Amino acid sequence: MMKKKSIPASKPLLILFLCQIISALDVPLDSKLLEELSQPPTITHQSPKDYIVDPRENIVIQCEAKGKPPPSFSWTRNGTHFDIDKDAQVTMKPNSGTLVINIMNGGKAEAYEGVYQCTARNERGAAISNNIVIRPSRSPLWTKEKLEPHQVREGDSLVLHCRPPVGLPPPIIFWMDNAFQRLPQSERVSQGLNGDLYFSNVQPEDTREDYICYARFNHTQTIQQKQPISVKVFSMDSLNDTIAANLSDTDIYGAKPVTERQPVLLTPTGSTSTKVELRGNVLLLECIAAGLPTPVIRWIKEGGELPANRTFFENFKKTLKIIDVSEADSGNYKCIARNTLGSVHHVISVTVKAAPYWITAPRNLVLSPGEDGTLICRANGSPKPSISWLANGVPIAIAPEDPSRKVDGDTIIFSHVQERSSAVYQCNASNEYGYLLANAFVNVLAEPPRILTPANKLYQVIADSPALLDCAYFGSPKPEIEWFKGVKGSILRGNEYVFHDNGTLEIPVAQKDSTGTYTCVARNELGKIQNEVHLEIKDPTMIIKQPEYKVVQRYGQVSFECIIKHDSTLLPTVIWLKDNGELPDDERFLVGKDNLTIMNVTDKDDGTYTCIVNTTLDSVSASAVLTVVAAPPTPAIIYARPNPPFDLELTGQLERSIELSWIPGDENNSPITHFVIEYEDGLHEPGVWHYQTEVPGTQTTVQLKLSPYVNYSFRVVAVNKIGRSQPSEPSEQYLTKSASPDENPANVQGIGSEPDNLVITWESLKGFQSNGPGLQYKVSWRQKDVDDEWTSVIVANVSKYIVSGTPTFVPYEIKVQALNDLGYAPEPSEVIGHSGEDLPMVAPGNVQVHVINSTLAKVHWDPVPLKTVRGHLQGYKVYYWKVQSLSRRSRRHVEKKILTFRGNKTFGMLPGLEPYSSYKLNVRVVNGKGEGPASPDKVFKTPEGVPSSPSYLKITNPTLDSLTLEWGSPTHPNGVLTSYILKFQPINNTHELGPLVEIRIPANESSLILKNLNYSTRYKFYFNAQTSVGSGSQITEEAVTIMDEAGILHPAVVAGKAMASRQVDIATQGWFIGLMCAVALLILILLIVCFIRRNKGGKYPVKEKEDAHADPEIQPMKEDDGTFGEYSDAEDHKPLKKGSRTPSDRTVKKEDSDDSLVDYGEGVNGQFNEDGSFIGQYSGKKEKEPAEGNESSEAPSPVNAMNSFV
């Protein structure tokens, strides 16, 4: 009884050819059959559903299909017929449905936005493509906005918003600085998924003015830049440097300058959020937290584990990434931000939806007339997709009726089909997240049987193995297959055969008597056909003597045998393995015909050795183990280099070879590993020995290859593990006959040194390479791509030849051939060289400058024609220089800057420009010779920027209620100054800061008198300049109004709680009052002594000083008046200038700071004794220019000395 075995190819065999369904058996395809059979259209290639195109390039919408006869193509656009013949910009490729929309010749991509669908049609049906949505890429510019500087306290959080323009597709966001360097990111500072830059806590090093967000639009290869964002971080130390320096350790201000904070989530906000993701996509969840110390993020999934092998953490674990998500990944994901002070968490509820995906896509169906069949279309998704059918691109409900067709939901059932039932059916599975569209044809054919297996195919099988004889067939209806043995044999039946559905005959155990010719017969109601194949049974390969287990002493020798028996018609190959790997690359391993021998065995040779025998039909192997043991103890052995070989003999002399033999010297207890053979050329290089070859230490003869025209002598050196022996005595000399050269010079080049020449160079042949006397060189050249004959010259004893009178920079074909007295070397290969370069002829044209911001511009130019380069194009150089500052209208020394752009680049960036300035630039092309002419100078201007700080600030002429301020304009205005901003606030005797007053001053002013100030009051001033862009850096200074005439300090009003400093008022201490009285008494005594000395005729030096510098308002009294004329107290009623923090002639430097006790202490404005009289005038009258900007200008006095001591 015949039995059948099922193979995964149950459908009719035509599906194997028309649908590319792979079966378990390899059945060859018959291209001739495919060409002959009618077939409905099949879409083979189409553009993606969502097709974003570059608006600068032609739009190509792909639609390729196959069918028999070849299909015709048509298109719809937005659901209506698209007549491409009426649009001159649209063409269809020949023999294809692919559309090409010409945008580069005047078309606009926006005009062709829409939904396109392709239909491929022939007489057997119509297939349709997906709906292809065409949208041009967009890369809009950033919306102009005025960005205010961010002023942040150290330790606080900060978010810098990017808000890129909406592009198609969305841009890639990254943050860089003005030098185009990526801003470093860390656990503390990182970029969010929305492109914003998040600071968990700011540090002083975060202060900078060039936080720049960039948006890269990959489709159009453009990058858009946001205006720089300025961030200034105020540290607690810098804000309170005048406070913290004077507080005691027990004060509240003695606490840490930066307050640590527990985590707070910057994004997402709230405690919960939701996210929907589609099946198969990448799920990205993000949590970024603020806090100090910087929080650490941890992710968990509530009620489950994060999926292994699909979960990744990015952005310093702030982003959870799960790839290829499925419905099982739905759930609640919790991110936890934690630092030493606490934690905060956020729960994201994730729902995974699914666009439709196939469970069973419809497959092409090939039927015979009268047969039945089904098309099944099953898809899943979330929500569940709806299924709809179309026939030849038309909804099946309105398609022409077919009595053999019945639609049952996701299945179409065909009964008793006829040839007119052939059609292409479309299944559409869709839900709110997308759709799937599949074409599947029903092809009704009536074809007689065909056998596709080649006739008289030979099969060879090893005895006792299975034999598979192919009979690939096709027919419609499906043919029946029968097998016969021999030309007139009977039909094969019985359990010894297996008949597969695809026509293959299997003989499970082939024997010698299975050899013979087998005939396959295929028949159906339309005909019959047969084919013969041949089977040969071969003897199996066997190892009749296998390798055996061996134990060998170290440094001994061992051999494994592997003797085989095989079919005489098969050619075996033997491979030896060690430990299942290749044998070591070591000359000690010798592989023979039937064995493996290992010489000088070492410990590393221990292991398993396997002999593998392969034929084209079978393979066998056998293994054995080798164990290496230590040799028995022996007396101490002295190892040394071998003695030199001797008795060298030359035999078998031929023109190009000779045999050298020798006798080895003593090994000196270390086996010789190899011999090195060297030679001397007594004709060309006498006395110089060259390496020739080397042979194993077991070999004492070698066949040497020789070169013509060389007077050879040979010597041999023996080598062992200790080292090399002395060379042997040289052999007798052997002079080989001359011959023409065997080779030509190498490294042939052609490079011009001048615009009208070509320098041809090469490497000369060495002496023994000449092969004979009279070595010369034939140098040939001709201009490439010009129908010229070769020009040749023969030279000798040189390696260079100069061809003059050549055109500038044209390619030449060059060859150099060696020759001697006996003839020429083989024909040389040609190389391409170029004649000399000359300077480029023309300058780049259409130079355009696009100013990006006040310090950066982009320059474009058109490339020069390559013919005008007259050399190898190396690039372009842009020369640019500042002509003048638009704010000063003053010229200065012109310093040109040069930027080089390599290759055929046509644009470049100009960084480091000065704001509000006029620049010029030109562009030049560069080749190997130099630079070409410059393009016409292009003038461009940079916009305004913010100014630098004013160059100085002087505070002069202090009075009771006014101060005079003088200043210098900014060194770098960077634009037109619109005004100055002056802010000031008082500091009272308790060192508290008062209310802040702001004054706007016209830009043309350089001084200001502040009136109505409080007398004897310290003020702090903040001063900066402004342009239309914004405010520049400020400088600060402090000054004091003088006391009133009564010499009594009036209390100032406390306006705020911010304390500037704090110290004890020593003027109210009893010990200090006593000390001051003692000082006053001492001064009185000194005055009396001076008066007595004056009456005796002496002169006090103070009198001389006052005489030299007399005050015109105060006339000294005469001596006979009985008063102290030298020490008139008229000055006691003058305004005091000693107490001013800023001397009248002092220039303020930017950001000077001084927090000494003298600056804020009570002793600055003079000291008073118990009765209120002023004594400070006599404790340091002489004023002195300060060495530092903020130091006191007073000479030392007892009061100041005491203040300093305290």
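Residues numbered from 1 in each chain as written. Predicted model: local features only at pLDDT ≥ 70, side-chain atom pairs only at ≥ 80, totals over all residues. Heavy atoms only, no water.

Moving on: unusual backbone geometry. Here the residue pair Lys68 and Pro69 is connected by a cis peptide bond, since its omega of 0° sits within 30 degrees of zero. Summarising the element assignment, Pro69 is placed in the loop between β5 (63-68) and β6 (72-77). Cis rather than trans, the peptide bond between Thr267 and Pro268 has omega equal to -5°. Here Pro268 shows up in the loop between β21 (261-267) and β22 (272-278). (Helix = DSSP H or I, 4+ residues; strand = E, 2+ residues; numbered from the N terminus.)

Tallying each qualifying case throughout the model produces 21 aromatic pairs. Relative to Tyr214, the ring of Phe174 lies with its centre 5.7 Å away and its plane at 5°, an arrangement referred to as stacked. Note that Phe174 is positioned in strand β15 (residues 172-176) and Tyr214 in strand β18 (residues 208-217), a separation of 40 residues in sequence. Since its relative accessible area comes to 5%, Tyr214 is described here as buried. Here the basic side chain of Lys815 rests over the ring of Trp790, its NZ or CZ set 4.3 Å away from the ring centre. (Phe/Tyr/Trp six-rings, centres within 6.5 Å; stacked < 30°, edge-to-face > 60°. Buried < 20%, exposed > 50% of the residue type's maximum accessible area, 1.4 Å probe, protein only. Lys NZ or Arg CZ within 6 Å of the ring centre and 35° of its normal.)

It is worth spelling out the sheet that holds strand β30 (residues 365-367) at this point. The five strands lie next to each other as β30-β38-β37-β33-β34, forming an open sheet whose pairing is mixed. Here the strands that pair on one side only, and so sit at the sheet edges, are β30 and β34 (394-395). Pairing analysis gives six bridges linking strand β33 (residues 386-391) to strand β37 (residues 423-431), with the strands arranged antiparallel. Its bridge partner being in β37, Ala391 is matched across the sheet by Tyr425. (Pairing = 2+ DSSP bridges.)

Structurally, Ser935 is set in the loop between β78 (917-926) and β79 (938-941). For Ser935, the residues in contact, after removing those within four places along its chain, are Ala843, Pro844, Val847, Asn922 and Val923. (Contact = heavy atoms within 4.5 Å.)

Now for the pairing of strand β10 (residues 114-122). Across six bridges, the pairing between β6 and β10 is antiparallel. What sits directly across from Arg77, in β10, is Tyr116. In this sheet, strand β12 (residues 132-136) lies alongside β10 in antiparallel orientation, the contact comprising three bridges. Note that in β12 the partner of Tyr116 across the bridge is Ile132. When β10 meets strand β11 (residues 125-128), the two strands line up antiparallel, connected through four bridges. What sits directly across from Ala120, in β11, is Ala127. The loop that links β10 with its antiparallel partner β11 comprises two residues.

This part is about the sheet that holds strand β4 (residues 59-61). Strand order across the open sheet formed by three strands is β4-β9-β8, with antiparallel pairing between neighbours. The two strands at the open ends of the sheet, each matched to only one other strand, are β4 and β8 (90-92). If you compare each strand with its neighbour and ignore which way they point, the axes differ by 20° on average. Pairing between β4 and strand β9 (residues 99-101): three bridges, direction antiparallel. Across the sheet, Ile61 pairs through a bridge with Leu99, a residue of β9. (Axes fitted to C-alpha atoms, helices over the stretch in contact; angles between N-to-C directions.)

Under the definition given, this model contains six disulfides. Note that Cys377 is cross-linked by a disulfide to Cys427, the S-S spacing being 1.7 Å. Because the sign of the S-S torsion sets the handedness, a value of about -65° for the bond joining Cys377 and Cys427 places this disulfide among the left-handed ones. Here Cys377 is found in the loop between β31 (373-376) and β32 (378-382), whereas its partner Cys427 is found in strand β37, with 50 residues between them in sequence. For the pair Cys377 and Cys427, one class covers both residues: buried. Across the disulfide, Cys562 is cross-linked to Cys611 (sulfur-sulfur distance 2.0 Å). For the disulfide bridge between Cys562 and Cys611, the dihedral angle about the S-S bond is near -65°, and by the sign convention the bridge is left-handed. With Cys562 in the loop between β50 (558-561) and β51 (563-565) and Cys611 in strand β56 (residues 607-614), this pair connects stretches of sequence that are 49 residues apart. Overall, Cys562 belongs to the buried group, its relative accessible area being 2%. Under the relative-accessibility criterion, Cys611 is labelled buried at 0%. Counting its disulfide-bonded cysteines in sequence order, the protein chain shows a connectivity of 1-2, 3-4, 5-6, 7-8, 9-10, 11-12. (Disulfide = S-S within 2.5 Å.)

This part takes up the environment of Tyr497. Turning to its location among the elements, Tyr497 is positioned in the loop between β43 (480-485) and β44 (498-500). The buried category is assigned to Tyr497, whose relative accessible area is 12%. Between the C-alpha atom of Tyr497 and that of Val509, which follows or precedes it by 12 residues, the distance is 9.1 Å.

A contiguous nonpolar patch, built from Leu1081, Leu1084, Ile1085, Ile1088, Val1089, Phe1091 and Ile1092 and spanning about 610 Å² of accessible area, is present on the exposed surface. Locating Val1089 in the fold gives a position in helix α6 (residues 1070-1095). Under the relative-accessibility criterion, Val1089 is labelled partly exposed at 41%. (Patch = residues over 30% accessible without salt bridge, like charges linked within 9 Å, V, L, I, M, F, W, Y side chains within 5 Å. Areas by Shrake-Rupley, 256 points an atom, 1.4 Å probe, with all protein chains shown as cover. Salt bridge = Lys/Arg side-chain N within 4 Å of Asp/Glu carboxyl O.)

Per the stated rule, a full pass over the model turns up 34 salt bridges. The partner of Asp586 in a salt bridge is Arg588, with the nearest N and O atoms 3.0 Å apart. Look at Asp586 and you get partly exposed, because its relative accessible area is 25%. Overall, the relative accessible area of 14% leaves Arg588 in the buried class.

The two faces of a sheet get side chains in turn, since along a regular strand they alternate between them. Side chains Val558 and Phe560 project from β50 onto a buried face, and the interleaved Ser559 and Glu561 project onto a face without burial. As paired elements, β50 and strand β55 (residues 595-598) share four bridges and run antiparallel to each other. For Glu561, the partnering residue across the bridge sits in β55 and is Asn595.

We now examine the nonpolar core. Judged by nonpolar contacts, the single largest core of 28 residues is most densely connected at Ile59, Ile61, Trp75, Ile101 and Tyr116. Listing elements by their share of this core, those giving two or more residues are β4, β5, β6, β9, β10 and β12. Per element, the largest residue contribution to this core is three residues, and it comes from β10. Ignoring anything within four residues of it in the chain, the contact list for Tyr116 reads Ile61, Trp75, Thr76, Arg77, Phe82, Ile101, Asn130, Asn131, Ile132 and Ile134. (Core = buried A, V, L, I, M, F, W, Y, C linked by side-chain atoms within 4.5 Å.)

Once that is clear, we can look at the environment of Lys896. Position of Lys896 relative to the elements: it lies in the loop between β75 (875-885) and β76 (897-902). With relative accessibility at 45%, the residue Lys896 sits in the partly exposed group. For Lys896 and Lys920, which are 24 residues apart along the polypeptide, the C-alpha to C-alpha distance reads 9.5 Å. Not counting the four nearest positions on each side in its chain, Lys896 is found in contact with Tyr880 and Trp881.

Glancing now at the side chain of Ser235. Mapped onto the elements, Ser235 comes out in the loop between β20 (229-234) and α3 (236-239). The exposure class assigned to Ser235 is buried, which follows from its relative accessible area of 15%. Apart from residues lying up to four places away in sequence, Ser235 is in contact with Glu154 and Pro204.

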